[in-house]
Amino acid sequence: MAAAAVVVLVIVVALVVLVASLSIRLVQQYQCGVVFRFGRVLERIRQPGFQLIVPVADRMVRVSMQTTVIGVPAQGVITRDNVTLTVDAVVYYRVVDPVKVLVNVRDYPSAVLQVAQTALRSVIGKADLDTLLRDRDRINAELKAVIDAPTEKPWGLLIERVEVKDVSLPEGMKRSMSRQAEAERERRARVIAADGEYQASRRLADASRAMANTPGAYQLRLLQTVVDVAAEKNSTLVMPFPVELLRFFDRLAGGGEQAPAVGGPGADERAGPTEPATPAGPALGPVTENVAAAAADGDGRPPAA
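A quick note: this is a predicted structure, and the numbers were derived from the prediction, not measured.

Procedures and definitions
Residues numbered from 1 in each chain as written. Predicted model: local features only at pLDDT ≥ 70, side-chain atom pairs only at ≥ 80, totals over all residues. Heavy atoms only, no water. Helix = DSSP H or I, 4+ residues; strand = E, 2+ residues; numbered from the N terminus. Buried < 20%, exposed > 50% of the residue type's maximum accessible area, 1.4 Å probe, protein only. Areas by Shrake-Rupley, 256 points an atom, 1.4 Å probe, with all protein chains shown as cover. Pairing = 2+ DSSP bridges. Axes fitted to C-alpha atoms, helices over the stretch in contact; angles between N-to-C directions. Parallel < 35°, antiparallel > 145°, perpendicular 65-115°, else oblique. Left-handed = near helix turned anticlockwise from the far one by under 90°. Contact = heavy atoms within 4.5 Å. pLDDT = per-residue confidence, 0-100. Salt bridge = Lys/Arg side-chain N within 4 Å of Asp/Glu carboxyl O. Core = buried A, V, L, I, M, F, W, Y, C linked by side-chain atoms within 4.5 Å. Patch = residues over 30% accessible without salt bridge, like charges linked within 9 Å, V, L, I, M, F, W, Y side chains within 5 Å.

(A) Structural detail: the overall build of the protein. When you go through the protein residue by residue, the secondary structure sums to eleven helices and ten strands. When the 305 residues of the protein are sorted by exposure, 22% land in the buried category. Counting only carbon and sulfur atoms, one obtains 59% of the accessible surface of the protein, whose full area is about 22,100 Å².

Structure below.
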């Protein structure tokens, strides 16, 4: 009798352990449990902790509520302005309704990936290159709206964030954009330099008018220029000639006595005696006559006495 009682006790304990193992389920903090009873889903969602289910009749499926990150592979896309690009993105999503995730869609991570690829090609194809490069936030918002529309209510998924990760341009387009940026910066530099020259000319004009009213300012400016040149420790010192000194000599020369004009009144009285003129020209002196005779003979020697 004792042996039979021990066997029965062992069997009972084994059955209790078996039933407990079939009834007790552990749900983690980041999970939710969905119970199916004879294939039909129960409305009550099991929260984290120990949960009891009916053995054999119930089956519980745990669903992770954590945010999942998937990378969208690089997609070849043609923009609205006919530029071929290679664009990839990253999608952040999480489950908000475990029942819909299990009942309405099969393999929801793969489904979200396929929707993200389609949405990426559709949104990038409607935008031009400048918008894609300059207004990235708007492109990300449009991608999120397009992916979130078929996944939130039907599938119980919430798309938290979508970002375009990288945009690969063709080499020819990169060179063209580099030349465009270089030309734009050169244009800005020229405009800034021209504006600086204009402002400097206005200041110089104001300074010249102020110095014209004060003659001593020219001398002070000359001395300042000499100091600036000497500070460079050069072997050659360039000394500017003051313009006032030239004006002084000009006024001095203009105030002197001027010579009378040739042929004017009184020219005959002041002119000295002139040689009598010959039909061929004026009278020649003795030396000039000898030289002329030698040139006439052709030997280059003066005639014998």
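(B) Quick peek at the sheet that holds strand E2 (residues 31-37). Taken in spatial order, the three strands line up as E3-E2-E5 in an open sheet, and their pairing is antiparallel. The two strands at the open ends of the sheet, each matched to only one other strand, are strand E3 (40-41) and strand E5 (58-64).

(C) Spotlight on the environment of Arg44. Structurally, the position occupied by Arg44 is in the loop between E3 and strand E4 (49-52). With ten residues separating them along the chain, Arg44 and Val34 place their C-alpha atoms 7.7 Å apart.

(D) Inspection of the packing of helix H3 (residues 108-126) against helix H5 (residues 136-148) at higher detail. Relative orientation of the contacting elements H3 and H5 amounts to 135°, with a least axis distance of 9 Å. With respect to their mutual orientation, H3 and H5 come out oblique. Like other packed secondary-structure pairs, H3 and H5 cross with a definite hand, here right-handed. Here H3 contributes Val115, Ala116, Ala119, Leu120, Val123 and Ile124 to the contact with H5, which in turn contributes Ile139, Glu142, Leu143, Val146 and Ile147.

(E) Structural detail: the confidence of the model for the protein. Averaged over all residues, the pLDDT of the protein is 78; the fraction at 70 or higher stands at 77%. Under a pLDDT of 50 for its full length, residues 257-292 has, in the predicted model, nine contacts with residues more than four places off or in other chains. Every residue in residues 298-305 scores below 50 in pLDDT, and together they form four contacts with partners more than four places removed in sequence or on other chains.

(F) Seen up close, unusual backbone geometry. With a phi close to 70°, Val56 is a non-glycine residue in the positive phi region. Along the chain, Val56 turns up in the loop between E4 and E5.

(G) Representation of the sheet that holds strand E6 (residues 68-78) in the model. The strand order across the open sheet built from three strands is E6-E7-E8, with neighbouring strands paired in antiparallel fashion. The sheet is open, and its two edges are formed by E6 and strand E8 (157-168), each paired on a single side. Averaged over all neighbouring strand pairs, the angle between strand axes comes to 25°, with direction disregarded. Bridging between E6 and strand E7 (residues 84-95) involves nine bridges; their strand directions are antiparallel. Counted as the bridge partner of Gln75 is Val87 from E7. Its contacts with the sheet put H3 on E6, E7 and E8, and the angle it makes with E6 is roughly 35°. Docked against the sheet, H5 engages E7 and E8, running at close to 135° with respect to E8.

(H) Highlighting the pattern of salt bridges. Evaluated as defined, the whole model comprises ten salt bridges. Of the charged contacts, one joins Arg80 and Asp128 as a salt bridge, the two residues approaching to 3.7 Å between their closest N and O atoms. On the criterion of sequence distance, the pair formed by Arg80 in the loop between E6 and E7 and Asp128 in the loop between H3 and helix H4 (129-134) is long-range, its members being 48 residues apart. For Arg138, the salt bridge identified is with Glu142, shortest N-O distance 3.7 Å. Residue Arg138 and its partner Glu142 are located together in helix H5, separated by four residues, close to a single helical turn. Judged by its relative accessible area of 41%, Arg138 falls in the partly exposed class. Residues joined in a network through salt bridges with shared partners are Glu184, Arg187 and Arg188.

(I) Region of interest: the nonpolar core. Counting 37 residues, the largest nonpolar core has Leu85, Val91, Tyr108, Ile139, Leu143, Ile147 and Leu157 as its most contacted members. Of all the secondary structure elements, the ones that give two or more residues to this core are E2, E6, E7, H3, H4, H5 and E8. Discounting chain neighbours no more than four positions away, the residues touching Val91 are Thr68, Val69, Ile70, Val72, Val112, Ala116, Ile147, Ile159, Arg161 and Val162.

(J) Focus on a nonpolar patch on the surface. Together, Val7, Ile11, Leu15, Leu18 and Leu22 make up an exposed nonpolar region whose accessible area comes to about 430 Å². With respect to the helices, strands and loops of the structure, Leu15 is situated in helix H1 (residues 2-23).

(K) Representation of the side chain of Ser23 in the model. On the secondary structure map, Ser23 appears in helix H1. On the basis of relative accessible area, Ser23 is assigned to the buried category, the value being 9%. The residues touching Ser23, leaving out its near neighbours within four places in the chain, are Gln51, Leu52, Ile53 and Pro55.

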